[in-house]
Structure formats: structure tokens, C-alpha cells
Amino acid sequence: DAFRLATSEPLLVARAPICRAVAKLADELRALDDEALREAAGQLSREAVTEGLSARLRARSFALVREATRRERGIAHHPVQLLAADAMLDGRIVEMATGEGKTITTMLAAAGAALAGIPVHVMTVNDYLAHRDAEELAPIYARLGLSVGFTKHDLSTAERRAAYACDIVYATSQ
């Protein structure tokens, strides 16, 4: 089941329940210091053990990732990225055009799943992108108490084990 939403539909996107829920949490999370933000992520993880990644917890995870991204990079996810990540967590394939932010959209879904205790593997087309994305996004994941690793074709067995022990692993299909 594929999902495609053009960014030319801003009113429809902004009215989506996930977008409204994330926006409602923005001020609350912005007021937290870094330690409290990490604790909020830990609380979400504990709740997800019994509740799963419900709509409420999914919105909270997206809001946490959005705030961590704002602190680390000075940017916030757009509504279309929230919708695309929501679709990914529903098990759908998402198609996004160049420039729509596939990397940070995928980060929303990856962090949400990892916070819920689900092992996450983000597949990309080559070793360079796996390494780049893992390194660039690691500080954002770390703000939420998540570890990130990457694999590439020439890693030793010990290095692969260390990467796969992380909450989120970036890899290629090779």
C-alpha cells in the first residue's frame, strides 16, 4: 500500500490529526531542558511497552523527535513529513520527491519505533549514505537516549555486532 502526498496540499496536511497533536505538544516540550527531554523519551518508552505505539504515543514521539531536531539543527519537521512518517509506521511505502526531506522524515519513524522498543534498520542505497545519515543524525537520536550505528560491506564481525546492538542501524541491502 503506497502513500503519496504532495506538499502542495498544505491546508489538508496541517489539519491531519497527527499534525495537530504534534503541534499541541510543541510548547510543552520546548520548555523542558535536555535532561527532562531525555526523561520524557524514557517515559514514552516505558509506556509503549504496555500500550504499543498508539496514536497518542506516536504523536508524542514525533513531537520529541521534532524538538530534539530543533535543538540540534534549528529546524522543525513539516506537516507533510509528519504524515509520511506516520504512514511508514503504519507499514506503508512512502514516495517523496527530491527536497521533501526523506532523511529527516525517516528519522521520525525510526526514532518512534526505537522508542517503542522495536529494533530498527534503516536501509539506504549505499555505504556512503548509511554512514552519513547515521553520523549526522546521531546527535539528535542521542538527545532522546537512542543509540545509532551503521554497517558497511567491509566491517569486521565485531564491528557489525556493535552496530546491530544499537537501537537504530543504518545499512545497505548488500
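Bear in mind the structure is a predicted one, so any value in this text is a computation, not a measurement.

Conventions we followed
- Residues numbered from 1 in each chain as written.
- Predicted model: local features only at pLDDT ≥ 70, side-chain atom pairs only at ≥ 80, totals over all residues.
- Heavy atoms only, no water.
- Core = buried A, V, L, I, M, F, W, Y, C linked by side-chain atoms within 4.5 Å.
- Buried < 20%, exposed > 50% of the residue type's maximum accessible area, 1.4 Å probe, protein only.
- Helix = DSSP H or I, 4+ residues; strand = E, 2+ residues; numbered from the N terminus.
- Contact = heavy atoms within 4.5 Å.
- Axes fitted to C-alpha atoms, helices over the stretch in contact; angles between N-to-C directions.
- Parallel < 35°, antiparallel > 145°, perpendicular 65-115°, else oblique.
- Left-handed = near helix turned anticlockwise from the far one by under 90°.
- Nonpolar A, V, L, I, M, F, W, Y, C, P; charged D, E, K, R; others polar.

## Comments concerning the nonpolar core
The biggest cluster of nonpolar side chains holds 44 residues, and the ones touching the most others in it are Leu64, Tyr141, Leu146, Ile168 and Tyr170. Mapped by element, the contributors of at least two residues to this core are helix H2 (17-30), helix H3 (34-51), helix H4 (55-73), helix H5 (79-89), helix H6 (102-115), strand S3 (120-124), helix H7 (127-143) and strand S5 (168-172). Here this core gets 9 residues from one element, more than from any other, and that element is H6. In contact with leucine 146, other than residues within four places in its own chain, are Ala111, Ala114, Leu115, Tyr141, Asp167 and Ile168.

## Observations regarding the packing of H3 against H4
Relative orientation of the contacting elements H3 and H4 amounts to 155°, with a least axis distance of 10 Å. If you check the angle between H3 and H4, you find them roughly antiparallel. Considering the relative orientation of H3 and H4, their crossing is left-handed. The residues of H4 that touch H3, namely those facing Asp34, Leu37, Ala40, Ala41, Leu44, Glu47, Ala48 and Glu51, are Arg56, Leu57, Arg60, Ser61, Leu64, Glu67, Ala68 and Arg71. For the contact of H3 with H4, the per-class residue count stands at 8 nonpolar, 1 polar and 7 charged.

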